[in-house]
Amino acid sequence: MKVYFEPHGCSMNYGEAKIMEDIVSERHEIVNNVDDADVLVLATCIVIESTERRMINRIKEFSSTGKNLVVAGCMASAEKEKIKNIAPTAKILPPDELCKILGMIDGTKNYKTKLYPYPPKRKEKRVEAIIPISSGCLGKCSFCITKIARKNLKSYPPDSIGKCVERAVNLGYKEIRITAQDTGAYGKDIDKNLPELINNLTKISGDFKLRIGMMNPDTVLPALDELLDSYSDEKVFRFLHLPVQSGDDEILQKMGRNYRVDDFRYIVRRFRGAFNDITLSTDIIAGFPTETSQQFQKSCELIKETRPDIVNVKAFSPRPKTKAYTMKRLDSKIVKGRTKKLSKLRLEISKKNFESFVGRKEKILTAEFGKNNTVIGRTDAYRPVVIKDKIDLGRFVDVKIIDAYDTYLKGVVIQN
Ligand code: SF4
């Protein structure tokens, strides 16, 4: 059979879609378009309302083709009923039952993988391999539907993760993204922790870089010293994705976030103290229920103070079955206005940050093809550098930074 996979949302969802593809590729052909396929697999994301609407439309489109449809991802766990109403014949595959994908496609019974996560089987054109290290989390965030979909933390055995990374490196992947809902929580249910895991993975021989996925301030704090040590290995991208969500402690409490703004400041200070060119990425929710203009201003001040390179700004989106869903919401105009203001502020800051790199020499990993025959590479701090030189992907080359924009740098190769 010919099977088409379409993932949406976070790295985790893409990583799991790849795992399903690898399992299915043992018996069936993977195709890259809907028309050629006999079976369609949609890995859904419902983190915000607008994304859910897109998923619903995609399910309707796929369902109207009359082909076998498997709906996977977070919607398959948190909103089964909705899927059944839209596409009564669709098969529903929740995230923690990925191994049943073959059964859903060809009726294979009791398919069991010996290893989970499942080592990549094939080398695809891309440079990065996405390796999930756990599913679920320890959080109780009042706005989060992912928690309802993925429930509590389930860390995967470090040996299995090690085998996956080794396999990916041997296949030729140069960027290994370890991902989770909260990588900082890794191992807390199996008496392990993230720094140990990173130290194990950086011992794997080969020419590759590790990108550590998002982590929460409350799960990072207890092992911060060890984490800083593990980040000092040159195989680790100096990239820290640390969602703060708000600059106000009262709002953090209403969000069910288990830390204070000062904890975020402290972690950022420690990382910058250890790695002065670290890339800081964070997330902010604008317009959370009851957020006053003063509380919103605190989020803006925090961004001005900590100068992140990346801020994923999200307008508050009420998600069904979450605590925040029933909280008194702000007027949508206010929410829109605050989201716009933060998005503008964050680009001003990232541009200034990037401008300080003009004239510097950097080593980059050529990672993907860009527009107009360009190549996008990543520095050791995971900053994107666009070059015009014709260079293969997956190469480490030295460049000189010649210009800076809101969200990327421009460079020329100085050594091939
Ligand atoms: S930590 Fe919070 S935001 Fe993240 S997945 Fe868990 S509940 Fe959701």
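What counts, and where the lines are drawn
- Residues numbered from 1 in each chain as written.
- Predicted model: local features only at pLDDT ≥ 70, side-chain atom pairs only at ≥ 80, totals over all residues.
- Heavy atoms only, no water.
- Helix = DSSP H or I, 4+ residues; strand = E, 2+ residues; numbered from the N terminus.
- Rg over C-alpha atoms; globule rule 2.2 N^0.38 Å.
- Buried < 20%, exposed > 50% of the residue type's maximum accessible area, 1.4 Å probe, protein only.
- Contact = heavy atoms within 4.5 Å.
- Phe/Tyr/Trp six-rings, centres within 6.5 Å; stacked < 30°, edge-to-face > 60°.
- Lys NZ or Arg CZ within 6 Å of the ring centre and 35° of its normal.
- Near = heavy atom within 4 Å.
- Nonpolar A, V, L, I, M, F, W, Y, C, P; charged D, E, K, R; others polar.
- Salt bridge = Lys/Arg side-chain N within 4 Å of Asp/Glu carboxyl O.
- Pairing = 2+ DSSP bridges.
- Axes fitted to C-alpha atoms, helices over the stretch in contact; angles between N-to-C directions.
- Arc of directions from axis to C-beta.
- Lys, Arg positive; Asp, Glu negative; His and termini not counted.
- Parallel < 35°, antiparallel > 145°, perpendicular 65-115°, else oblique.
- Left-handed = near helix turned anticlockwise from the far one by under 90°.
- Core = buried A, V, L, I, M, F, W, Y, C linked by side-chain atoms within 4.5 Å.
- Domains from an automatic or database assignment.
- Buried area = accessible area lost by both parts, 1.4 Å probe.

(A) Inspection of the overall build of the chain at higher detail. Secondary structure summary: the chain contains 14 helices and 18 strands in total. Computed over the C-alpha atoms, the radius of gyration of the chain is 21 Å, within 12% of the 22 Å expected from 2.2 N^0.38 for a compact globule of 416 residues. For the C-alpha atoms alone, the extent of the chain along its principal axes is close to 55 × 55 × 45 Å. A total of 416 residues make up the chain; the buried ones form 56% of that total. Excluding contacts between residues fewer than 6 apart, the proportion of contacts in the chain whose partners are at least 24 apart in sequence is 72%.

(B) Fine view of the packing of aromatic side chains. Applying the stated criterion across every chain yields a total of 8 aromatic pairs. Ring geometry for Tyr 231 and Phe 275: centres 6.4 Å apart, planes at 40 degrees, overall tilted. Linking Tyr 231 in helix 10 (residues 224–231) with Phe 275 in the loop between helix 12 (261–274) and strand 12 (279–286), this pair joins segments that are 44 residues apart in sequence. Accessibility assignment for this pair places Tyr 231 and Phe 275 in one class, buried. Plain terms: the ring middles of Phe 237 and Tyr 382 are 4.8 Å apart, the flat faces sit at 75 degrees to each other, and that makes the pair edge-to-face. Placement of the pair is Phe 237 in the loop between helix 10 and strand 11 (239–241) and Tyr 382 in the loop between strand 15 (375–378) and strand 16 (384–387), with a sequence separation of 145 residues. We note that Phe 237, like Tyr 382, is buried. Three or more aromatic residues joined by ring pairs form one cluster here, namely Tyr 231, Phe 271 and Phe 275. One Lys or Arg, Arg 329, reaches over the ring of Tyr 325 and ends 4.9 Å from the middle of that ring.

(C) Here's a closer look at the site of the ligand. Within the structure, the ligand sits among Cys 137, Cys 141, Phe 143, Cys 144, Lys 147, Gln 181, Asn 216 and Arg 257. Considering only residue class, the shell around the ligand consists of 4 nonpolar, 2 polar and 2 charged.

(D) Representation of the pattern of salt bridges in the model. Under the defined criterion, the tally for this structure stands at 24 salt bridges. Note that Arg 319 and Glu 52 form a salt bridge whose closest N and O atoms lie 2.3 Å from each other. A residue pair is termed long-range when its members are at least 10 positions apart, and Arg 319 in the loop between strand 13 (310–315) and helix 14 (332–355) and Glu 52 in helix 2 (residues 49–64) qualify at 267 residues. What emerges from the salt-bridge pattern is a single network uniting Glu 52, Glu 79, Lys 82 and Arg 319.

(E) Local environment of the sheet that holds strand 5 (residues 91–93). Reading across from one edge, 2-1-3-4-5 is the order of the 5 strands in this open sheet, with parallel pairing throughout. Of all strands in the sheet, those with a lone pairing partner are strand 2 (29–31) and strand 5, marking the two edges. Each neighbouring strand pair of the sheet contributes to a mean axis angle of 25 degrees, computed without reference to strand direction. Examined bridge by bridge, strand 1 (residues 2–7) and strand 2 share 3 bridges and lie parallel to one another. The partner of Lys 2 across the bridge, within strand 2, is Glu 29. In the packing of helix 1 (residues 11–24) onto the sheet, the strands contacted are strand 1, strand 2, strand 3 (39–44), strand 4 (68–73) and strand 5, and the crossing angle to strand 1 comes to about 170 degrees.

(F) Region of interest: the sheet that holds strand 12. In space, the 3 strands of this open sheet follow the order 11-12-13, with parallel pairing throughout. Every other strand in the sheet has two partners, leaving strand 11 and strand 13 as the edge strands with one partner each. For this sheet the average axis-to-axis angle between neighbouring strands, irrespective of direction, equals 15 degrees. Of the strand pairs in this sheet, strand 12 and strand 13 are connected by 6 bridges, and their pairing is parallel. Following the sheet pairing, Ile 284 is matched in strand 13 by Val 313. In the packing of helix 14 onto the sheet, the strands contacted are strand 12 and strand 13, and the crossing angle to strand 13 comes to about 170 degrees.

(G) How the structure looks around helix 10. Residues Leu 224, Leu 227, Leu 228, Ser 230 and Tyr 231 constitute the buried set of helix 10. Across the axial projection of helix 10, the buried residues extend over an arc of 165 degrees, all falling on one side. Where helix 10 is buried, its residues contact helix 8 (194–202), strand 10 (209–212), helix 9 (217–220), strand 11 and helix 12.

(H) Examining the side chain of Lys 147 more closely. Along the polypeptide, Lys 147 turns up in helix 6 (residues 146–150). Lacking a salt bridge, the buried Lys 147 has Asp 182 as its closest oppositely charged neighbour, with an N-O distance of 9.3 Å. Discounting chain neighbours no more than four positions away, the residues touching Lys 147 are Cys 137, Leu 138, Gly 139 and Asn 152.

(I) Just the packing of helix 13 (residues 293–306) against helix 14, in detail. Running from N to C, helix 13 and helix 14 point in directions that differ by 15 degrees, and their axes come no closer than 10 Å. As summarised for this structure, helix 13 and helix 14 are arranged roughly parallel, according to the angle between their axes. The way helix 13 lies across helix 14 gives a crossing that is right-handed. Two secondary-structure elements touch here, helix 13 through Ser 293, Phe 296, Gln 297, Cys 300, Ile 303 and Lys 304 and helix 14 through Arg 338, Lys 341, Leu 342, Leu 345 and Ile 349.

(J) Layout of the nonpolar core. Ranked by size, the top nonpolar core spans 62 residues in total, and within it Ile 176, Ile 178, Leu 194, Tyr 231 and Phe 271 carry the most contacts. With sequence-adjacent residues up to four places away left out, Ile 178 is seen in contact with Ile 131, Ile 133, Thr 183, Leu 194, Leu 197, Leu 201, Leu 210, Arg 211, Ile 212 and Gly 213.

(K) Region of interest: the environment of Lys 192. Of note, Lys 192 is situated in the loop between strand 9 (175–179) and helix 8. With 53 residues separating them along the chain, Lys 192 and Gly 139 place their C-alpha atoms 18 Å apart. When sequence neighbours within four positions are dropped, the list of residues in contact with Lys 192 reads Pro 158, Tyr 186 and Gly 187.

(L) The arrangement of the domain arrangement of the chain in detail. Its domain assignment divides the chain into domain 1 (2–106), domain 2 (128–355) and domain 3 (361–413). Computed over C-alpha atoms only, the centres of domain 2 and domain 3 are separated by 25 Å. For the pair domain 2 and domain 3, the summed buried area comes to about 1,600 Å², and 59% of that belongs to carbon and sulfur atoms. By the criterion of area lost to domain 3, the three top residues of domain 2 are Lys 174, Phe 237 and Phe 354, representing 37% of everything that side buries. The interface formed by domain 2 and domain 3 contains 2 salt bridges. The residue Lys 209 makes a salt bridge to Asp 380 at a minimum N-O spacing of 3.2 Å. Secondary-structure elements contributing two or more residues to the side of domain 2 that touches domain 3 are strand 9, strand 10 and helix 14. Here the element with the most residues in the side of domain 2 that touches domain 3 is helix 14; it accounts for 6 residues. Here the residues of the side of domain 2 that touches domain 3 sort into 6 nonpolar, 2 polar and 12 charged.

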